Amino acid sequence: MAHEQTTLTLPTGESVDADLWRPPEKDNALLSSAVILLSTPSEPIDWDIFAESLSRDRLVYRLHGVSSYRLLQALWAIDDSAAMISHGLAAGNVAMHTADIAAGAISALILADYYAPDGIDSILIRASCPIVLIRGRQSEISSHRQIVRTRNAIGEKCALIELDNCGDRVAESCPGEFEAAVRWSLRRQLVTD
């Protein structure tokens, strides 16, 4: 399943370009809620293996370089409630701010290779959706202590997953393990609803 380029028409009439992976036609009746991957423009293909596999049962969109406000509008154009997966600090901050201004629009927030470098952002604490932090145990981006501190500050609605034998850029370097962690996170979200 190769991805396609699509353009989302926002409620304002503006548009946002996105990559889209669709499930096989025969399975379209069984679709789960959509997932939005948020990355930086420098990561155009790093998520391909993961996104293709995740699209077996849901629409998967990849956006990059959008503000929180435009991301919220894209979310409204895609689905009433979608899970958000971001990679890195910049994309994580955009995803968090979107979750903060749109309580209920994001069903789950999965932050890969993210930690709060200077203490916890109050937005993470206020977020109403479940949050999952995923990192490679051998990551050089963040230490175990930093990610545990972030998880503890967020509280009970946050889970932490550290993937063994995995470094930075978990979606690219450990796509199978990352997908399993994401699928667990999405099932966890269904249980907490």
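Residues numbered from 1 in each chain as written. Predicted model: local features only at pLDDT ≥ 70, side-chain atom pairs only at ≥ 80, totals over all residues. Heavy atoms only, no water.

Undergrad: Just checking my understanding: could you explain the overall build of the protein chain for this structure?
TA: Looking only at helices and strands, the protein chain has 7 helices and 8 strands in total. For the protein chain, the computed accessible surface area is about 8,800 Å², with 52% contributed by carbon and sulfur atoms. (Helix = DSSP H or I, 4+ residues; strand = E, 2+ residues; numbered from the N terminus. Areas by Shrake-Rupley, 256 points an atom, 1.4 Å probe, with all protein chains shown as cover.)

Undergrad: Help me understand the environment of Ser 53 in this model?
TA: With respect to the helices and strands, the residue Ser 53 is situated in helix H1 (residues 48-54). On the basis of relative accessible area, Ser 53 is assigned to the buried category, the value being 18%. Between the C-alpha atom of Ser 53 and that of Pro 175, which follows or precedes it by 122 residues, the distance is 9.0 Å. Leave out the neighbours within four places in its chain, and Ser 53 touches Glu 179 and Arg 183. At 2.4 Å, the side chain of Ser 53 and the side chain of Glu 179 are in polar contact. (Buried < 20%, exposed > 50% of the residue type's maximum accessible area, 1.4 Å probe, protein only. Contact = heavy atoms within 4.5 Å. Polar contact = N/O pair within 3.5 Å; in protein donor to acceptor, adjacent residues only side chain to side chain.)

Undergrad: It is not clear to me how the sheet that holds strand E8 (residues 158-163) should be interpreted in this structure. Could you clarify?
TA: Consider a sheet: its strands pair through backbone hydrogen bonds, and that pairing is either parallel or antiparallel. Taken together, the 8 strands give an open sheet; going across it, the order is E1-E2-E4-E3-E5-E6-E7-E8, and neighbouring strands pair in mixed fashion. Strand pairing shows two members of the sheet lacking a second neighbour, strand E1 (4-9) and E8, which therefore form its edges. The mean angle between the axes of side-by-side strands here comes to 25°, regardless of whether they run parallel or antiparallel. Both strand E3 (residues 35-39) and strand E4 (residues 60-64) contribute to a ladder of 5 bridges, which runs parallel. (Pairing = 2+ DSSP bridges. Axes fitted to C-alpha atoms, helices over the stretch in contact; angles between N-to-C directions.)

Undergrad: Looking at this structure, how should I read the nonpolar core?
TA: The nonpolar side chains of a soluble globular protein tend to be buried, and buried together. Core analysis: the largest hydrophobic core is formed by 38 residues, its most contacted members being Leu 38, Leu 63 and Leu 109. Those residues in contact with Leu 38 that sit more than four places away from it in its chain are Trp 47, Leu 63, Val 66, Leu 71, Met 84, Ile 85, Ser 86, His 87, Ala 91, Val 94 and Ala 95. (Core = buried A, V, L, I, M, F, W, Y, C linked by side-chain atoms within 4.5 Å.)

Undergrad: I keep staring at the environment of Tyr 69 and nothing clicks. Help me out?
TA: Along the chain, Tyr 69 turns up in helix H2 (residues 68-78). On the basis of relative accessibility, which here comes to 51%, the residue Tyr 69 falls in the exposed class.

Undergrad: Quick question: what am I supposed to make of the side chain of Arg 58 here?
TA: For Arg 58, the position within the fold is in the loop between H1 and E4. Accessibility expressed as a relative area gives 7% for Arg 58, which makes it buried. Within the structure, Arg 58 has its side chain in polar contact with the side chain of Asp 57 (distance 3.3 Å).

Undergrad: Is there a simple way to explain the state of the cysteines in this structure?
TA: In protein structure, a disulfide is the covalent linkage between the sulfur atoms of two cysteines. Tallying each qualifying case throughout the model produces 1 disulfide. There is a disulfide in this structure between Cys 166 and Cys 174, and the S-S distance comes to 2.3 Å. Because the torsion about its S-S bond is 135°, the bridge between Cys 166 and Cys 174 counts as right-handed. Of the two residues, Cys 166 and Cys 174, neither departs from the other in class, the shared state being buried. (Disulfide = S-S within 2.5 Å.)

Undergrad: Would you take a moment to explain the pattern of salt bridges for this structure?
TA: Any two side chains of opposite charge can pair, given that their charged atoms come close. A complete count under the given rule lists 11 salt bridges for this structure. For Glu 4, the salt bridge identified is with Arg 22, shortest N-O distance 3.1 Å. Taken as a pair, Glu 4 in strand E1 and Arg 22 in the loop between strand E2 (15-21) and E3 lie far apart in primary sequence, 18 residues in all. Here Glu 179 makes a salt bridge to Arg 56, at a shortest N to O gap of 3.3 Å. Of this pair, Glu 179 sits in helix H7 (residues 175-192) while Arg 56 sits in the loop between H1 and E4, and the two are 123 residues apart along the sequence. Taking relative accessible area as the criterion, Arg 56 reaches 43% and is therefore assigned partly exposed. Salt bridges linked by common partners bring Arg 56, Asp 57, Arg 58, Glu 179 and Arg 183 together as one network. (Salt bridge = Lys/Arg side-chain N within 4 Å of Asp/Glu carboxyl O.)

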